[in-house]
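Chains, contacts and geometry: an overview
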Amino acid sequence: MTDLDSFIRALPKAELHLHIEGSLEPELMFALAERNGVAIPYASVEDVRAAYAFGNLQDFLDIYYAGADVLRTSQDFHDLAAAYFDRATADGVVHAELMFDPQTHTDRGIPFAMVVEGLLSAMADAQARHGISSALILSFLRHLSEEAAFATLAAADPWLDRIAAVGLDSSENGHPPEKFARVFAAAAAKGLRLTAHAGEEGPPAYVYQALDLLHVDRIDHGNRALEDDALVDRLVREGMTLTVCPLSNLKLCVVPDLADHPIDRMLDLGLRATINSDDPAYFGGYIADNYRAAAAARGLTRAQLVQLARNSFIGSFLPADAIAAHLERLDAHL
Ligand code: ADE
Ligand code: ZN
């Protein structure tokens, strides 16, 4: 391990953009398929990894939703999240905000309660075992209807005090944020924070809609905001956090090469960019791998890496006193 590797791993950081279903490693997929008697269309772990070549977001989503079919019980969701927390802790993550896609499961007949109880028990264990704090973000699938999103929000009612925020993910093009303006308003009225994927494949107009119609607290990805100078100025002025995911951007062809990744340009422009892993089992790396790959490809300085870690706490959904405590600990660490 180089000095820079150890520096990155040791840097206290928050992960703000992680789909827990996207942390399903092929080995666990096989183990759960066997445990639950579910057939999967792969002969081996190598076979699974070979299928992970994506030309765009939809190519990935098709495989990601199929993979999630092995998740059947609370214990499965617990084991999935526990494995994520072990890896995140090794990468210096001290706080993680986990997105989960209830509709991927409820539409297969898996009750909402089973999903959320498995995740919550792993979160409590991770706090006890590793001292890592975490929060849940309920993500609506944007290729489904507004009505289905409202039903999902209603299903979450018994757990509202255990859910920090709602999000919006899945196929972006053709499913603009405006489709979910009313359900986001209803979530805000219940006291939930708001985030949405925007500007990953979709145009800058979708980022404007996330701001103006959904009133989000942060933007997931946001890469294509860079095409619009007025939008960039606004994101800077409003201190909007962008949860950027370099290896995801590479694997989903949002950038042709990591050497073209705009992470340092975002920082230079004054954008509150953060680095995250998105779907680490599918994109070839967890959060430290993302920091490392971006640092290598773009020659990021240690000061820039520290800025990214600072931004991750500032952009989190933690209360202000907890954010201040994390920033103090980061300064003390340095
Ligand atoms: N669901 C899981 N990962 C996603 C991504 N990168 N974009 C949209 N939806 C997702
Ligand atoms: Zn994502």
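Nothing here was measured: the structure is a model prediction, and the numbers come from that model.

Before going further, it helps to examine the overall build of the chain. The number of helices and strands found in the chain is 17 helices and eight strands. Here the chain has a C-alpha radius of gyration of 19 Å; the compact-globule value for 334 residues is 20 Å, and the two agree. In terms of its C-alpha atoms, the chain occupies a principal-axis envelope of roughly 50 × 45 × 40 Å. In the chain, which comprises 334 residues, the share counted as buried stands at 57%. For the chain, the share of sequence-separated contacts (at least 6 apart) that also reach a separation of at least 24 residues comes to 76%.

Bringing the site of ligand 1 into the picture now. Around ligand 1, a shell composed of His 19, Leu 57, Phe 60, Leu 61, Tyr 64, Asp 169, Ser 170, His 197, Glu 200, His 221, Asp 278 and Asp 279 is seen. Glu 200 has a polar side-chain atom sitting 2.8 Å from a nitrogen atom of ligand 1. Across the complex, the protein chains shield 100% of the 260 Å² of accessible surface that ligand 1 would expose by itself. If one sorts the elements of the shell around ligand 1 by residue count, helix 4 (residues 57–67) sits on top with four residues. Among the residues forming the shell around ligand 1, the class breakdown is four nonpolar, four polar and four charged.

Time to look at the coordination of the zinc ion (ligand 2). Geometry sets the ideal angles at a metal, namely 109.5 degrees for four tetrahedral donors and 90 or 180 degrees for six octahedral donors. At 2.0 to 2.3 Å from the zinc ion (ligand 2) lie its protein donor atoms, namely His 17 (NE2), His 19 (NE2), His 197 (NE2) and Asp 278 (OD). Every donor counted, the four donor atoms about the zinc ion (ligand 2) form angles of 82 to 175° at the centre, which fits irregular coordination. When the donor residues of the zinc ion (ligand 2) are listed from N- to C-terminus, their spacing reads H-x1-H-x177-H-x80-D. With relative accessibility at 0%, the residue His 17 sits in the buried group.

Moving on: the environment of Met 266. Structurally, the position occupied by Met 266 is in helix 13 (residues 263–269). The class of Met 266 is buried, set by a relative accessible area of 0%. For the pair Met 266 and Gly 92, spaced 174 residues apart in sequence, the C-alpha separation works out to 23 Å. In this view, Met 266 contacts Asn 223, Leu 226, Leu 242, Val 244, Leu 271 and Ala 273; residues no more than four positions away in its chain are not counted.

Another point: the sheet that holds strand 5 (residues 193–198). The strands making up a sheet associate through backbone hydrogen bonding, with each pair oriented either parallel or antiparallel. What the eight strands build is an open sheet, ordered 1-2-3-4-5-6-7-8; its pairing is parallel. For this open sheet the edge positions go to strand 1 (13–19) and strand 8 (272–275), each flanked by a neighbour on one side alone. For this sheet, the mean inter-axis angle between neighbouring strands, taken without regard to orientation, is 25°. As defined by bridge partners, strand 2 (residues 93–100) adjoins strand 3 (residues 133–141) across six bridges and the pair is classed as parallel. Looking at the pairing, His 95 lines up with Ser 133 of strand 3. Along the sheet face, helix 5 (residues 74–90) touches strand 1, strand 2 and strand 3 and points at about 145° away from the line of strand 2.

Counted under the stated rule, the structure contains 13 aromatic pairs. When the ring centre of Tyr 291 is taken as origin, the NZ or CZ atom of Lys 13, which lies over that ring, is 5.5 Å away. The aromatic ring of Phe 7 is capped on one face by Arg 302, whose charged end is 4.5 Å from the ring centroid.

A few words now on helix 16 (residues 302–314). For helix 16, which comprises 13 residues, the first-to-last C-alpha distance of 18 Å matches the rise-based estimate of 18 Å (1.5 Å per residue) to within 8%. Those residues of helix 16 not exposed but buried are Gln 304, Leu 305, Val 306, Leu 308, Ala 309, Asn 311, Ser 312 and Phe 313.

This paragraph deals with the pattern of salt bridges. Scanning the entire structure with this criterion turns up 20 salt bridges. Taking the shortest distance from any N to any O, the salt bridge between Arg 49 and Glu 27 comes out at 3.4 Å. On the criterion of sequence distance, the pair formed by Arg 49 in helix 3 (residues 45–51) and Glu 27 in helix 2 (residues 26–36) is long-range, its members being 22 residues apart. Given the relative accessible area of 42%, Glu 27 is considered partly exposed. Where Glu 227 meets Arg 224, a salt bridge forms, and the shortest distance between an N and an O atom there is 2.7 Å. On the basis of relative accessibility, which here comes to 52%, the residue Glu 227 falls in the exposed class. For Arg 224, a relative accessible area of 27% puts it in the partly exposed group. Several salt bridges converge on common partners, so that one network encompasses Glu 25, Glu 27, Arg 49 and Arg 87.

Cut-offs and rules
Residues numbered from 1 in each chain as written. Chains lettered and ligands numbered in written order. Predicted model: local features only at pLDDT ≥ 70, side-chain atom pairs only at ≥ 80, totals over all residues. Heavy atoms only, no water. Helix = DSSP H or I, 4+ residues; strand = E, 2+ residues; numbered from the N terminus. Rg over C-alpha atoms; globule rule 2.2 N^0.38 Å. Buried < 20%, exposed > 50% of the residue type's maximum accessible area, 1.4 Å probe, protein only. Contact = heavy atoms within 4.5 Å. Near = heavy atom within 4 Å. Polar contact = N/O pair within 3.5 Å; in protein donor to acceptor, adjacent residues only side chain to side chain. Areas by Shrake-Rupley, 256 points an atom, 1.4 Å probe, with all protein chains shown as cover. Nonpolar A, V, L, I, M, F, W, Y, C, P; charged D, E, K, R; others polar. Donors = N, O, S within 2.8 Å, 3.2 Å for Na, K, Ca; no water. Tetrahedral: all angles 85-135°; square planar, octahedral: opposite > 155°, others 65-115°. Pairing = 2+ DSSP bridges. Axes fitted to C-alpha atoms, helices over the stretch in contact; angles between N-to-C directions. Phe/Tyr/Trp six-rings, centres within 6.5 Å; stacked < 30°, edge-to-face > 60°. Lys NZ or Arg CZ within 6 Å of the ring centre and 35° of its normal. Expected span 1.5 Å × (residues − 1). Salt bridge = Lys/Arg side-chain N within 4 Å of Asp/Glu carboxyl O.

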